[in-house]
Amino acid sequence: MIEVKNILKSFENSDVLKEIETIFYRGKTNLIIGQSGSGKTVLLKCLLGLYEVDSGEIIYDGVSSKKMNSDEKLDISRQMGMVFQGSALFDSMNVLENVRFPLDMLTKIDENEKNSRAMKFIERVNLKDAINKLPSELSGGMQKRVAIARAIVMNPKYLFCDEPNSGLDPKTAIVIDQLIQEITKEYNITTIINSHDMNSVIEIGENIVFLKEGYKIWQGNNKEVLKSRNKEVEDFVYSSELLKKLRN
Amino acid sequence: MNFLHDIGKYFLMIKISFSKSCKREILYKQIFKEINDLVLDSIQIVSILSFFIGGVVSIQMALSLENPLLSKTLIGYATRESVILEFAPTFISIIMAGKVGSYITSSIGTMRVTEQIDALEVMGINSLNYLVFPKIIAMLLYPFVITISMFLGIVGGLLAISLTGVPSEAYIQGIQMDFESYHVTYSYIKTLVFSFVLATVPSFHGYYMKGGALDVGKASTQSFYWTSIIIIILNYIITQLLLA
C-alpha cells in the first residue's frame, strides 16, 4: 500500500501537484487518470522517487519517504517495477536478456536460476516462442508484455505503468490491461497505472484517482466513475457528444 | 550562467560515473563491448586517413624544400615531427570527435529519448556508471590507435616521397635525425587527455539531452562542436605547459 499525504510539487514557480492526498491499495489496480497536463506523470515520478516532493510525504507500507536515507531509498526503488509508455526495452538485447537484465544487475544467483526465473515470467506473459527476438522484431503489444515481464521479474511490491496501452489497438490494449490485473492479483502487488484511456478505466479501474490541474478532484472505482455527478469527472468520462447522448 | 552550470554538471556526471559501481562482471562485459565499438572499430578509418595525410605532408615538405642547398633528409624529419607532434594526436582526435563522439552521443541520447535510462534508474542502477564509466576505461586504449596513426603517417610519407623521385634513404635518414623521445611522451600525454574528453563530453551531451529523435541529431552536432573546441584549447594549454 502507498499512502500519499498532502504532497506538493512545483517546477520553476509553477505548481504541478497541489495538496494531493490519497491511498493506493495492495492487490488492486490503482489508476491515476486525468487530462494531459493534469499532473499524472509527475505524481507517478514522485511515487517512483525520480522526483523529490517539495512538501508532504509518501508512505510505502508504513515507511515514510521523509525518514529514508539514500540506502533505504535505493532499497525501496529495488522493490519497484516499471512499465514505461514506450516499453523502454534495451535495443541490443533479446527478449530473454531484457527480462534477465535486472537479475544480472542486482542479484547474485547463478546463471541457471536466472534463466529459469526469467523464463517463468516470459512464459507468464506468453512469449515463450520469442525469447531470441530483438525488441525491433516485436509488435507493440509483445514489447509491452516483455516490459511487464521485466518489471515483475524481481518480484516487486510495487508496479508502476505509464500509459501501458498507448499506441496499441483496442483489443491488444485490453489484453495488456487484463494481464496487468491478473499479475497484480497473482503476486499481490500494489499496481499504479497512469492512463487516460477510458477502456482501461472501465476494465480494470478498482481504485481510480482523478486529477485536474494538479488537484485530486475525485476518487472511486470503475462502477462509481460511470455514475459520478462530479462535473469534471463527467466531462472527462463522457467527453464525446455520442457518449453524453448514450448516458442520457 | 548556463555555461557555468553545465561545467558543474559535467564534473558531477564524472564523479557519479565513478561511484556506486555496478557488478564487476557486468562492467567487464560493457568495457570489452566499448573497446570494440570505440577503439577497434576506429582503426580502419584512422589507418586510411593517416597513411594518405602522411603522404600529403611529405609531398608538401618536398615542395617547400626544393632549394638544392637544403638537405632532402629534412623531408623525413619534418614529416615525422608533424605527424608525431600534431597530426596523429590532435587531428585524429578531432576526426574521432566526429566518429566516436557522434556514436556516443546518439547511442546514449537514444536511450534517454526511449526512456531506457529512466528504466535503469528505476531499477536502482547507477546509469552513469553503467553507461559512461566503461567508455572512459575503453578509451584508455586510444593511444594504441594513435600509435598506429603515427606509424602509418610516416610510412605513407615514405611511399609518397619515393614516387616523387626523392631517394627513400634520405627520408629514412630524416625520420631518425635529432629524435627527441620527449616529443613522443608529450604526444601520448595529449592523447590520454583527449581520450578522456572524447569519452566524457559526448556522453554528457547524450545523457542530459531533452526532446525527441530530432534532438538526438542536434545533440550529436553540439557534442562534436564542443569536443573539438575543448580538444583544441587543451592542445594549446598542454603544448604551452610541456613544450614552451
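Residues numbered from 1 in each chain as written. Chains lettered and ligands numbered in written order. Predicted model: local features only at pLDDT ≥ 70, side-chain atom pairs only at ≥ 80, totals over all residues. Heavy atoms only, no water.

**Remarks on the overall build of chain A**
And then number 1: The number of helices and strands found in chain A is 10 helices and 10 strands.
And then number 2: Relative to a compact globule of 248 residues, whose C-alpha radius of gyration would be 18 Å, chain A shows 18 Å and is just as compact.
And then number 3: By principal-axis analysis of the C-alpha atoms, chain A measures approximately 55 × 45 × 30 Å.
And then number 4: Among the 248 residues that make up chain A, the fraction classed as buried is 52%.
And then number 5: Across chain A, the fraction of contacts at a sequence separation of at least 24, relative to all contacts at a separation of at least 6, is 64%.
And then number 6: Carbon and sulfur atoms make up 46% of the accessible area of chain A, which amounts to about 11600 Å² in all.
And then number 7: The positive charge centre, built from 34 side chains, and the negative charge centre, built from 36, are 3 Å apart in chain A. (Helix = DSSP H or I, 4+ residues; strand = E, 2+ residues; numbered from the N terminus. Rg over C-alpha atoms; globule rule 2.2 N^0.38 Å. Buried < 20%, exposed > 50% of the residue type's maximum accessible area, 1.4 Å probe, protein only. Contact = heavy atoms within 4.5 Å. Areas by Shrake-Rupley, 256 points an atom, 1.4 Å probe, with all protein chains shown as cover. Lys, Arg positive; Asp, Glu negative; His and termini not counted. Charge placed at Lys NZ, Arg CZ, Asp CG, Glu CD.)

**Re the pattern of salt bridges**
And then number 1: Counted by the stated rule, this structure contains 17 salt bridges over all chains.
And then number 2: Residue E186 of chain A pairs with R124 of chain A through a salt bridge whose shortest N-O separation is 2.8 Å. Note that E186 of chain A is positioned in helix α6 (residues 170-187) and R124 of chain A in helix α4 (residues 111-124), a separation of 62 residues in sequence.
And then number 3: A salt bridge links D118 of chain B to R112 of chain B, with the nearest nitrogen and oxygen atoms 3.4 Å apart.
And then number 4: According to the relative accessible area criterion, D118 of chain B is buried, its value standing at 16%.
And then number 5: A single network of salt bridges, built from pairs that share partners, joins R100, D104, E111 and K114 of chain A. (Salt bridge = Lys/Arg side-chain N within 4 Å of Asp/Glu carboxyl O.)

**Here we look at the nonpolar core**
And then number 1: By size, the foremost hydrophobic cluster in this structure holds 55 residues, and its most contacted members are F101 of chain A together with L120, I125, Y130, M139 and Y142 of chain B.
And then number 2: Per-element tally for this core: the top contributor is helix α4 (residues 73-113) of chain B, with 12 residues.
And then number 3: Ignoring sequence-local partners within four residues, the contact set of L120 of chain B consists of F90 and F101 of chain A together with M111, I125, S127, Y130 and L131 of chain B. (Core = buried A, V, L, I, M, F, W, Y, C linked by side-chain atoms within 4.5 Å.)

**Some points on the sheet that holds strand β4 (residues 55-60) of chain A**
Each strand in a sheet pairs with its neighbour through backbone hydrogen bonds, running either in the same direction (parallel) or in the opposite one (antiparallel).
Residues and elements named next belong to chain A.
And then number 1: Strand order in this open sheet of four strands is β2-β1-β4-β5, and the pairing throughout is antiparallel. The open sheet has two edge strands with one neighbour each: β2 (14-24) and β5 (63-64).
And then number 2: Here two bridges tie β4 to β5, and the two strands are oriented antiparallel to one another. Bridge pairing in β5 places Y60 opposite V63. (Pairing = 2+ DSSP bridges.)

**Digging into the interface of chain A and chain B**
And then number 1: At the junction of the two partners, chain A supplies 25 residues and chain B supplies 16 residues.
And then number 2: Between chain A and chain B lies a buried interface of about 1700 Å² when both sides are counted; carbon and sulfur atoms form 65% of it.
And then number 3: Three residues stand out in chain A for area buried against chain B, namely F84, F90 and M105 of chain A, and they jointly supply 33% of the buried area on that side.
And then number 4: Taken together, the connections running from chain A to chain B amount to six residue pairs in polar contact (both at pLDDT 80 or more).
And then number 5: Those elements that place two or more of their residues in the side of chain A that touches chain B are α2 (70-77) and α3 (95-106) of chain A. (Buried area = accessible area lost by both parts, 1.4 Å probe. Polar contact = N/O pair within 3.5 Å; in protein donor to acceptor, adjacent residues only side chain to side chain.)

**Side note on the domain arrangement of chain A**
Residue and element names in this part refer to chain A.
And then number 1: Each domain of chain A was delimited in the assignment, giving domain 1 (2-79 + 157-247) and domain 2 (90-155).
And then number 2: Here domain 1 and domain 2 have C-alpha centroids that lie 26 Å from each other.
And then number 3: Contact residues are listed per partner, giving 16 residues for domain 1 and 13 residues for domain 2.
And then number 4: Between domain 1 and domain 2, the buried area comes to about 1100 Å², and carbon and sulfur atoms account for 69% of it.
And then number 5: A per-residue breakdown of the area domain 1 buries against domain 2 is headed by R78, L179 and Y187, which together make up 37% of the total.
And then number 6: Taken together, domain 1 and domain 2 are joined by four residue pairs in polar contact (both at pLDDT 80 or more).
And then number 7: Sorting elements by how many residues they give to the side of domain 1 that touches domain 2 places α6 first, with eight residues.
And then number 8: For the side of domain 1 that touches domain 2, a count of residues per class yields nine nonpolar, two polar and five charged. (Domains from an automatic or database assignment. Nonpolar A, V, L, I, M, F, W, Y, C, P; charged D, E, K, R; others polar.)

**Considering a nonpolar patch on the surface**
And then number 1: Side chains of F3, L4, I7 and F11 of chain B sit close together on the surface and give an oily, nonpolar patch of about 430 Å² of accessible area.
And then number 2: Relative to the assigned elements, I7 of chain B resides in helix α1 (residues 2-17). (Patch = residues over 30% accessible without salt bridge, like charges linked within 9 Å, V, L, I, M, F, W, Y side chains within 5 Å.)

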